[in-house]
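Close look at the chain arrangement
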Amino acid sequence: MIPYLRSERLKLKRTFSTKLFFLVPVANVAFSLLMNPMYFVSNTINWWSILFLPLMLALWASLTHQKEQLASRYQGVYLLPVSLRNIWLAKLIVISIYSLAAFAAYLLVLGAVGMLFTGESIITMATFMSALVLWLTTLWEIPLFMWIAKKWGAAAAIGTNIACAMGLGIPLSSRTFWWACPWSWSIRLMAPIAGVHPNGTLLEPGHALLDMKVLPVGVGMSLLLTAVLSMLTMQRFGPQIRSGKGGR
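Every residue gets a number counted from 1 within its own chain, in the order that chain's sequence is written. In keeping with the predicted nature of the model, local features appear solely for residues at pLDDT of at least 70, side-chain atom pairs appear and are counted solely at 80 or more, and the whole-chain, interface and lining totals rest on all residues. By convention in this description, side-chain values take in all heavy atoms of the structure and omit both hydrogens and water.

1. Some thoughts on the overall build of the protein
Helices and strands together make up the secondary structure of the protein, namely 10 helices and 0 strands. Tracing the protein from N to C terminus, the helices and strands come up as α-α-α-α-α-α-α-α-α-α. When burial is assessed residue by residue, the protein has 52% of its 248 residues classed as buried. Sequence-distant contacts in the protein: of pairs separated by 6 or more residues, those separated by 24 or more amount to 73%. For helices the rule is a DSSP run of H or I covering at least 4 residues; for strands it is a run of E covering at least 2, with both sets numbered from the N terminus onward. The classification of residues rests on relative accessible area computed with a 1.4 Å probe and restricted to protein chains. Under 20% of the type maximum is buried, over 50% is exposed, and intermediate values are partly exposed. Residue contacts are defined here by distance: any two heavy atoms, one from each residue, within 4.5 Å place the two residues in contact.

2. Thoughts on the packing of helix H7 (residues 141–152) against helix H8 (residues 154–173)
Helix axes use the C-alpha atoms of the stretch in contact, all axes being lines fitted to C-alpha atoms, and the angles between their N-to-C directions lie in the range 0 to 180 degrees. Between H7 and H8, the shortest axis-to-axis distance is 6 Å and the interhelical angle comes to 140 degrees. If you check the angle between H7 and H8, you find them oblique. Where H7 abuts H8, its residues Glu141, Phe145, Ile148, Ala149 and Trp152 lie against Ala154, Ala156, Ala157, Thr160 and Asn161. By residue class, the composition of the contact of H7 with H8 is 7 nonpolar, 2 polar and 1 charged. Put simply, angles under 35 degrees are roughly parallel, angles over 145 are roughly antiparallel, angles from 65 to 115 are roughly perpendicular, and the rest are oblique. When residues are grouped by polarity, Ala, Val, Leu, Ile, Met, Phe, Trp, Tyr, Cys and Pro land in nonpolar, Asp, Glu, Lys and Arg in charged, and all others, Gly among them, in polar.

3. Let's talk about the nonpolar core
Counting 65 residues, the largest nonpolar core has Trp48, Trp60, Phe103 and Trp183 as its most contacted members. Tallying contributions element by element places helix H5 (residues 84–118) first for this core, with 15 residues. Leave out the neighbours within four places in its chain, and phenylalanine 103 touches Trp48, Leu53, Ala131, Leu134 and Trp135. The term nonpolar core refers to a set of buried residues drawn from Ala, Val, Leu, Ile, Met, Phe, Trp, Tyr and Cys, joined through side-chain atoms within 4.5 Å.

4. Describing helix H1 (residues 2–12)
If you check which residues of H1 are buried, you get Tyr4, Leu5, Glu8 and Leu12. Looking straight down H1, one finds that the buried residues subtend no more than 100 degrees of arc, so they occupy a single side. Exposed and facing more than 90 degrees away from the buried side of H1 are Pro3, Arg6 and Leu10. Two residues or fewer after H1 comes arginine 14, characterised by a positive phi angle close to 60 degrees. This arc describes the spread of directions from the helix axis toward the C-beta atoms.

5. Details of the environment of leucine 225
Inspection of the secondary structure puts leucine 225 in helix H10 (residues 214–242). Once the C-alpha coordinates of leucine 225 and proline 182 are considered, the two residues, 43 residues apart in sequence, prove to be 8.7 Å apart. In contact with leucine 225, other than residues within four places in its own chain, are Trp140, Pro182 and Trp185.

6. Regarding the packing of aromatic side chains
Classification of ring pairs rests on two measures: the distance between centres of Phe, Tyr or Trp rings, Trp counted by its six-membered ring, which must be within 6.5 Å, and the angle between planes, read as stacked under 30 degrees, edge-to-face over 60 and tilted in between. Evaluated as defined, the whole model comprises 12 aromatic pairs. Centroid distance tryptophan 60 to tyrosine 98: 5.7 Å. Interplanar angle 65 degrees. Geometry classified as edge-to-face. Of this pair, tryptophan 60 sits in helix H3 (residues 40–72) while tyrosine 98 sits in helix H5; the two residues are 38 residues apart in sequence, bridging distant segments of the chain. Overall, tryptophan 60 belongs to the buried group, its relative accessible area being 0%. Three or more aromatic residues joined by ring pairs form one cluster here, namely Trp140, Phe145, Trp183 and Trp185. Criterion for a charge above a ring: Lys NZ or Arg CZ within 6 Å of the ring centre, and within 35 degrees of the ring normal. It is lysine 151 that lies over the ring of tryptophan 152; its NZ or CZ is 5.5 Å from the centre.

7. With respect to the confidence of the model for the protein
Mean pLDDT over the protein works out to 84, with 88% of the residues at or above the 70 mark. pLDDT gives the predictor's per-residue confidence on a scale running from 0 to 100. For the protein, helix H4 (residues 75–78) is the element with the lowest average pLDDT, namely 63, and helix H9 (residues 182–194) is the one with the highest, namely 93. Of the regions scoring below 50 in pLDDT, residues 239–248 engages in 21 contacts with residues more than four places distant in sequence or in other chains.

8. Focus: a nonpolar patch on the surface
Together, Leu224, Val228, Met231 and Leu232 make up an exposed nonpolar region whose accessible area comes to about 360 Å². For leucine 232, a relative accessible area of 44% puts it in the partly exposed group. Exposure above 30% relative accessible area and the lack of any salt bridge qualify a residue for a patch; like charges then connect within 9 Å, and the nonpolar side chains Val, Leu, Ile, Met, Phe, Trp and Tyr within 5 Å. Here the Shrake-Rupley method, with its probe set to 1.4 Å, supplies the accessible areas, and only the displayed protein chains count as covering residues. Note on definitions: salt bridges are taken to be side-chain nitrogens of Lys or Arg within 4 Å of carboxyl oxygens of Asp or Glu.

9. Description of the environment of isoleucine 122
Tracing the sequence through the fold places isoleucine 122 in the loop between H5 and helix H6 (125–137). Owing to a relative accessible area of 16%, isoleucine 122 belongs among the buried residues under this scheme. Distance from isoleucine 122 to valine 41, taken between C-alpha atoms, is 7.8 Å for residues 81 residues apart in sequence. Residues within four places of isoleucine 122 in sequence aside, it is in contact with Phe40, Val41, Leu110, Gly111, Gly114 and Thr127.

10. Re the packing of H6 against H9
Viewed as axis vectors pointing N to C, H6 and H9 meet at an angle of 165 degrees, and their least axial separation amounts to 10 Å. By the angle class used here, H6 and H9 are roughly antiparallel. Crossing of H6 against H9: the hand is right-handed. Across the interface between the two elements, Ala126, Met129, Ser130, Val133, Leu134 and Thr137 from H6 touch Ser186, Leu189, Met190 and Ile193 from H9. Broken down by class, the residue content of the contact of H6 with H9 amounts to 7 nonpolar, 3 polar and no charged. In this scheme the crossing of two helices becomes right-handed for a clockwise turn of the near helix relative to the far one and left-handed for an anticlockwise turn of less than a right angle.

Encoded structure:
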């Protein structure tokens, strides 16, 4: 598997994908600071979960697809004597690692800006936990939007993820059936960790959304969905090649 990972990493080296590591976290922190400096940390976490993270993941999925599409319309991959499913899995793993690295950059930028304005460290255990939970509860988006980008293009992947996160994730995350919508998981789980309502307001002590019991439920469902979508999209990637479908 290591050679596959190295190959996918080299394909994205010196591309716009690597610049997203810092561009998106910086944009998120700057936007939150301008919106409301008083609630800088909570706003940053909130906007990261409902807008900037979905945008970044969809962009990575789209750019990974476009790299293959523009190079040879996947023919450079299809004609190789290699495991097609391993190639697809390697793409998913590389983007997952990129996503984790972006979270590290997010914490670094958040901590640096907080230190600059307050003179104290604002990175707490809750901040670390929010980053880890957000990463785990959005992994399922990678195989889904890699497949959507390959089938319908970058605009469909980016537009669908942002529309669903904003149109479904936010309103449904505060409902009792939040678990039925994958886009609600990361947003709902930020409530007990960061103490922020999905609409961006701070939660009062004792609020129902502060219940920490949702954490294992949301993380567990996300990991399960990630595994299912990864297997399904790997199967879709292979048969298309063998039937001669080399385009989108």
